[in-house]
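A structural walkthrough
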Amino acid sequence: MKTETQNLEELANRDYKYGFVTDIDADSLPPGLDEDVVRAISAKKNEPEFMLEWRLKAFRHWKTMTEPTWAFVKYPEIDYQAISYYSAPKKAGEGPKSLDEVDPELLKTYEKLGIPLKEQEILAGVVAVDAVFDSVSVATTFKDKLHDLGIVFCSFSEAVQNHPELVEKYLGTVVPHTDNFFAALNSAVFSDGSFVYVPKGVRCPMELSTYFRINAANTGQFERTLIVADEGASVSYLEGCTAPMRDENQLHAAVVELVALDNAKIKYSTVQNWYPGDKDGKGGIYNFVTKRGKCAGVNSKISWTQVETGSAITWKYPSCILQGDNSIGEFYSVALTNNKQQADTGTKMIHIGKNTRSTIVSKGISAGEGQNTYRGQVKILKGADNARNYSQCDSMLLGDRCGAHTFPYIDVQNPSATMEHEASTAKIGEDQIFYCQQRGISAEDAVSMIVNGFCKEVFRELPMEFAVEAQKLLGISLEGSVG
Amino acid sequence: MESTQQLPGLLTAFGGRREEEPAWLRDLRQQARDRFESVGFPSSKLEEWKNTSVAAIASTDYAPAPAGGSAAFAGHPALDFCARRLVFVDGRLDTELSTGLGDRDGVWVGTLAQARDQQAQLTESLLARRVAPESQPFAALNTALFDDATVIRAHGAAAEPIHVLHLASRTEQPAASFPRLLVQVDAQAELKLVESFFGAEGAEGLTCSVCEIDVADNAGLEHVRLQFESGNAHHVGNAHATVARSGRYACHAFDFGAKLARVDSTAKLNGEGSNCLLNCLYLVSDKQHVDNHTTLDHAMPHGDSREVYKGILADNARAVFNGRIRVQLDAQKTDAKQSNPNLLMTEGALVHTRPQLEIYADDVKCTHGATIGELDAEAMFYLQSRGIGSTEARNMLVRGFAAELLDQVPVESVRQFLEEAFGRRLDAIRTA
């Protein structure tokens, strides 16, 4: 496969298209972490007492924990005292009230990323963007329209100020502050994020979306997202991210919590395209994320869809706790690793309620020297009568120096449950390419067709707006080899 | 680490009379002993031992069994499996029950002490070379404490199978034995080997066994491993096979016994075009716990491996399956398939299954699958609607589930024994 080797070389040599640094003043805390830093973050954000208490509890617990080492990834030790835990773009007095007041530098950044915020606001009610630049939300659009329906969609800081009762009720109910090393760290120092509350019986009329972006050097970004769908509500949430090019590794430890009450539905889609480091594995984002949804009520449904093409290291297991009877959990994932990227990703499906169902479809693509690991757990507890799980994990290898690994953990305690797990690993068959070429399709187009077909099951689950971006991303990521 | 204070007792009780042994063996034992003393019994905090607790083994005071246990096993069905057999009672070779030692039919059979005289270069090169004791504390324990090892060397195409039988008697104080088996199949040679573990009813001992197998170029080995220990016994086994170019290795394992059984099986496809098959049927009930860890390590190109581990669980039994397929960087054109179907007969049974793929080569075909479920209600209904009673229908379906593995057993006498034992066990399982 001479052409393929050539293409992979080209692919390895591509530069990160979105790598640039926006130069604006940032109001940062000096590097280091102790209780004073936690208090300072809380004070800067003018948080009520319960939030500070919660942060301190998390911080004290974090100090007793050690960094996990079980994941199939390698990285130099992180010095948590060398990171600055807070960075906000400087505000002149009050925060901006409309897009016109937003720092033009910021707006340019989004334009470079292809998210013309201004245009988006005009584009009548298609997508609402709660844009996060480093740690503080600078603009939130379409809030008024959502407000009329009673939907709360705002930055986490605003939610703490305006809806403290909702935050206090649901924060940490899915991912407790003791959950794991990175979640505890996040609980102690999280700066901002998004908050969504959809009231009883409301169907959110538009896709909600947040664009994340890491900027100021040496700042770990600690996002916290909380989405609550009350009884009978439904919401679809999109998350996408890109980050500027930088030589130091950046830590990102986000937490996402989803709560679905009786008959509620939440769909959470992610396209992740953070800086993966250069072809020697230098630089790149460390993406250590805890994402979990709880189907707390009967007939509730949580669906995760993710396309992971960026980050030097991805450590991420969007999970579902299927507590309510007849609840449904879904996980659809495409993870691509190239050059020296490492991904250890998968899901957990915990079946507690009766007649709970879960579906896992995971597609891993490894190229260059990338290491791609699927790690998932399906747990069917004693009371989960007639629980049903179907898991499918397929891996595709492009190149002879990459790796693909599958580590499913399956624990079943109920005889009426049905659990099926299938996995396969293969390369693109030479006979498949030959078949296409024979019919006048070039080798590159053939590879493109085959890769797209391989991922189709997942892309199909993405909302329209994202499906296009995802296909484009995959195209960029495999540029050269897929034409 | 659990109960490390028990180690010295175990090590002194079994560590006697090593002065006559050659220096290399004493060194090997000392290294293994040091390693075991430093790591101790594995704790369930270790990933490899997550679902299996050996606290019961660590807290038991084992002693060597008193001599003279052979009488109790007169007429044991396993004695009739093969005409050529080595019989160990409580870890000691019983020369009266054993037959066919020495060199005949293309196979040399004997103990390590005899092999040192007659097969000197073989034993040192084979012994303890491929068990990694740091990850296998029980293998280190075996190396430190085994009494005498069995050595089998096939240099031609053997016509008759060889049986290595371990019998454990019921003793006052729980007894422990450390069987060691070394198998070398020379280039072009063929061998059928039955390795079995039976215990007297109520025996509470520990069997900690290690089996090392080397299959040379173009050679073939069919290995049948029966674990029928008593329901109160503990069994920890390690089996490691290395297969050279175009070599064939097949293991047919049957885990029916023991209160707690843990078996680590590793097969390394170490030559081009080698072929491995790991089959296992585990049938457990009451509070039995069976844990199988397997690794199929594809180190060279064009290797084929097949692995089928089937489980039948009833009552409060637990099964753990951890199967890893590793395809190394240069092992192109590997074709590996693994499956682990489990049948839960009653409520209360629990399965942990972890089929794993670890792949570093790109031109490979690897699949794994695992299923857990109960008997198909429609199939039951189909049979019952044709006048077949529910118990009989159930047994037919379960028998069908297991048939694939029972039918492949290459030694007819053993296959017949297994059919009967399987039927008896199945009849004893009560479903609602």
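**Quick look at the overall build of chain B**
Tallying secondary structure elements over chain B gives nine helices and 21 strands in all. Its C-alpha radius of gyration of 21 Å places chain B within 12% of the 22 Å reference for a compact globule of 432 residues. Its C-alpha atoms put chain B at 70 × 55 × 45 Å along the principal axes. In chain B, buried positions account for 51% of the 432 residues. Looking at chain B alone, contacts between residues at least 24 apart form 82% of all its contacts between residues at least 6 apart.

**Here's the deal with the overall build of chain A**
Looking only at helices and strands, chain A has 12 helices and 24 strands in total. Looking at chain A as a whole, 54% of its 483 residues are labelled buried. Long-range contacts, defined here as pairs at least 24 residues apart, represent 84% of the contacts in chain A between residues at least 6 apart.

**Quick look at the interface of chain A and chain B**
Contacts between the two partners involve 29 residues from chain A, matched on the other side by 30 residues from chain B. Those elements that provide at least two residues to the side of chain A that touches chain B are strand 23 (403–412) and strand 24 (418–427) of chain A. Tallied by class, the residues present in the side of chain A that touches chain B amount to 14 nonpolar, 10 polar and five charged. Note that strand 23 of chain A and strand 20 (residues 350–359) of chain B share six bridges and pair antiparallel. Among the inter-strand pairings, Ile410 of chain A is bridged to a residue of strand 20 of chain B, identified as Thr353 of chain B.

**Quick look at the pairing of strand 11 (residues 220–228) of chain B**
Residues and elements named next belong to chain B. Counting buried positions over the nine residues of strand 11 gives eight, a clear majority of the element. As paired strands, strand 9 (residues 190–199) and strand 11 are joined by nine bridges and run parallel to one another. Paired with Lys192 across the two strands is Glu222, which belongs to strand 11. By the bridge criterion, eight bridges tie strand 11 to strand 13 (residues 248–255) in an arrangement that is parallel. Each residue of the ladder has a partner; that of Leu226, found in strand 13, is Phe254.

**Quick notes on helix 2 (residues 23–39) of chain B**
With 17 residues, helix 2 of chain B extends 24 Å from end C-alpha to end C-alpha; this agrees with the ideal 24 Å at 1.5 Å per step. Of the residues trailing helix 2 of chain B, Gly40 of chain B is marked for its positive phi of about 70 degrees.

**Quick look at the nonpolar core**
Core analysis: the biggest nonpolar cluster contains 236 residues, and Val196, Ala229, Val235 and Ala260 of chain A together with Val215, Tyr249 and Leu313 of chain B have the highest contact counts within it. Element by element, the count of residues in this core is highest for strand 15 (residues 275–284) of chain B, at seven residues. Discounting residues that sit within four places of it in the chain, Val235 of chain A has contacts with Val196, Val198, Cys204, Leu208, Ile227, Ala229 and Ile266 of chain A.

**Notes on the environment of Asn414 of chain A**
Residues and elements named next belong to chain A. Topologically, Asn414 is positioned in the loop between strand 23 and strand 24. Taking the number of C-beta atoms within 10 Å as the measure of exposure, Asn414 has 24 and is therefore buried. If we ignore the near neighbours within four places in the chain, the residues touching Asn414 are Ile380, Lys382, Ala384, Asp385 and Ala387.

**Notes on the environment of Ala423 of chain A**
With respect to the helices and strands, Ala423 of chain A occurs in strand 24. Using a count of 26 C-beta atoms within 10 Å as the deciding quantity, one classes Ala423 of chain A as buried. Residues Ala423 of chain A and Tyr170 of chain A, spaced 253 residues apart in sequence, show a C-alpha to C-alpha distance of 36 Å. Apart from the residues lying within four places of it in its own chain, the contact partners of Ala423 of chain A are Cys393, Asp394 and Thr406 of chain A together with Leu357, Thr367 and His368 of chain B.

**Brief notes about the packing of helix 2 (residues 35–44) of chain A against helix 3 (residues 49–63) of chain A**
Residues and elements named next belong to chain A. Close contact between helix 2 and helix 3 brings their axes to 10 Å; oriented N to C, the two are set at 155 degrees. By the criterion of interaxial angle, the relationship of helix 2 to helix 3 is roughly antiparallel. Regarding helix 2 and helix 3, the two cross each other, and that crossing is right-handed. Across the interface between the two elements, Glu35, Val38, Arg39 and Ser42 from helix 2 touch Met51, Leu52, Arg55, Leu56 and Phe59 from helix 3. Of the residues in the contact of helix 2 with helix 3, the class split is five nonpolar, one polar and three charged.

**Looking at unusual backbone geometry**
Most peptide bonds adopt trans geometry, and most residues besides glycine take a negative phi value. Residues and elements named next belong to chain B. Here Asp286, not a glycine, exhibits a phi torsion of approximately 50 degrees, which is positive. Locating Asp286 in the fold gives a position in the loop between strand 15 and strand 16 (289–298). Taking the C-beta count within 10 Å as the criterion, Asp286 has 12 such neighbours and is therefore assigned exposed.

**Details of helix 3 of chain A**
Here helix 3 of chain A contains 15 residues, and its C-alpha end-to-end distance of 21 Å stays within 8% of the 21 Å for a straight helix at 1.5 Å per residue. Packing partners of the buried residues in helix 3 of chain A comprise helix 2 and helix 9 (181–189) of chain A.

**Looking at the packing of helix 3 of chain A against helix 9 of chain A**
Residues and elements named next belong to chain A. In contact at an axis separation of 7 Å, helix 3 and helix 9 are set at 145 degrees when each is read in the N-to-C sense. Where helix 3 crosses over helix 9, the handedness of that crossing is left-handed. Along its contact with helix 3, which presents Trp54, Arg55, Ala58, Phe59, His61 and Trp62, the element helix 9 presents Ala184, Leu185, Ser187 and Ala188. Residues belonging to the contact of helix 3 with helix 9 are distributed by class as follows: seven nonpolar, two polar and one charged.

**Notes on the environment of Ser38 of chain B**
Residue and element names in this part refer to chain B. By secondary structure assignment, the location of Ser38 is in helix 2. According to the C-beta neighbour criterion, Ser38 is exposed, with 12 such atoms within 10 Å. In this structure, the C-alpha to C-alpha distance between Ser38 and Pro137, residues 99 residues apart in sequence, is 9.7 Å.

**A word on the confidence of the model for chain B**
Residue and element names in this part refer to chain B. When pLDDT is averaged across chain B, the result is 89; 94% of the residues are at 70 or more. Across residues 1–5, confidence stays below pLDDT 50; counting only partners more than four residues off in sequence or on other chains, it has 12 contacts. Reported for the predicted complex are a pTM of 0.81 and an ipTM of 0.75.

**Here we look at the confidence of the model for chain A**
Residue and element names in this part refer to chain A. Averaged over every residue, the pLDDT of chain A is 78; residues scoring 70 or more account for 75%. In this model residues 134–139 is a low-confidence stretch, pLDDT under 50, and it forms 34 contacts with partners more than four residues away in sequence or in other chains. Counted against residues more than four places away or in other chains, residues 212–219, with its pLDDT under 50, gives 34 contacts.

**A word on the pairing of strand 9 of chain B**
All names here are of chain B. In terms of burial, strand 9 is a largely internal element, nine of the 10 residues being buried. Sheet topology note: the strand 6 (residues 162–168)/strand 9 ladder contains seven bridges and is parallel. Across the sheet, the residue bridging to His166 is Phe197, located in strand 9.

Analysis parameters
Counting restarts for each chain: residues are numbered from 1 in the order of the written sequence. Think of it this way: whatever chain is written first is A, whatever ligand is written first is 1, and the rest follow in order. At least 70 in pLDDT is required for a residue's local features to be given in this predicted model, at least 80 for side-chain atom pairs to be given and counted, and no such filter applies to totals for whole chains, interfaces and linings, which use all residues. Helix and strand definitions follow DSSP, with helices as H or I runs of at least four residues and strands as E runs of at least two, each counted in order from the N terminus. What the globule rule says is 2.2 Å times the number of residues to the power 0.38, and the radius of gyration is computed from C-alpha atoms. To sort residues by burial, count the other C-beta atoms lying within 10 Å of each one's C-beta; a count of 20 or more means buried, 12 or fewer means exposed, and anything in between means partly exposed. C-beta atoms are built from the backbone. What counts as a contact is two residues whose backbone-derived C-beta atoms lie within 7 Å of each other. Side-chain classes are defined by residue name, with Ala, Val, Leu, Ile, Met, Phe, Trp, Tyr, Cys and Pro counting as nonpolar, Asp, Glu, Lys and Arg as charged, and the others, Gly among them, as polar. Should DSSP find at least two bridges between two strands, the strands are regarded as paired. Working rule for helices: expected span equals 1.5 Å times residues minus one. Structurally, a nonpolar core is described as a collection of buried Ala, Val, Leu, Ile, Met, Phe, Trp, Tyr and Cys residues joined by way of C-beta atoms within 7 Å. For helices, the fitted axis covers only the stretch in contact; all axes are lines through C-alpha atoms, and the angles between them, taken along N-to-C directions, range from 0 to 180 degrees. By definition in this entry, angles of less than 35 degrees are roughly parallel, angles greater than 145 are roughly antiparallel, angles of 65 to 115 are roughly perpendicular, and the rest are oblique. Should the near helix be turned counterclockwise from the far one by less than a right angle, the crossing is left-handed, whereas a clockwise turn marks it as right-handed. By definition, pLDDT measures how confident the predictor is in each residue, and it falls between 0 and 100.

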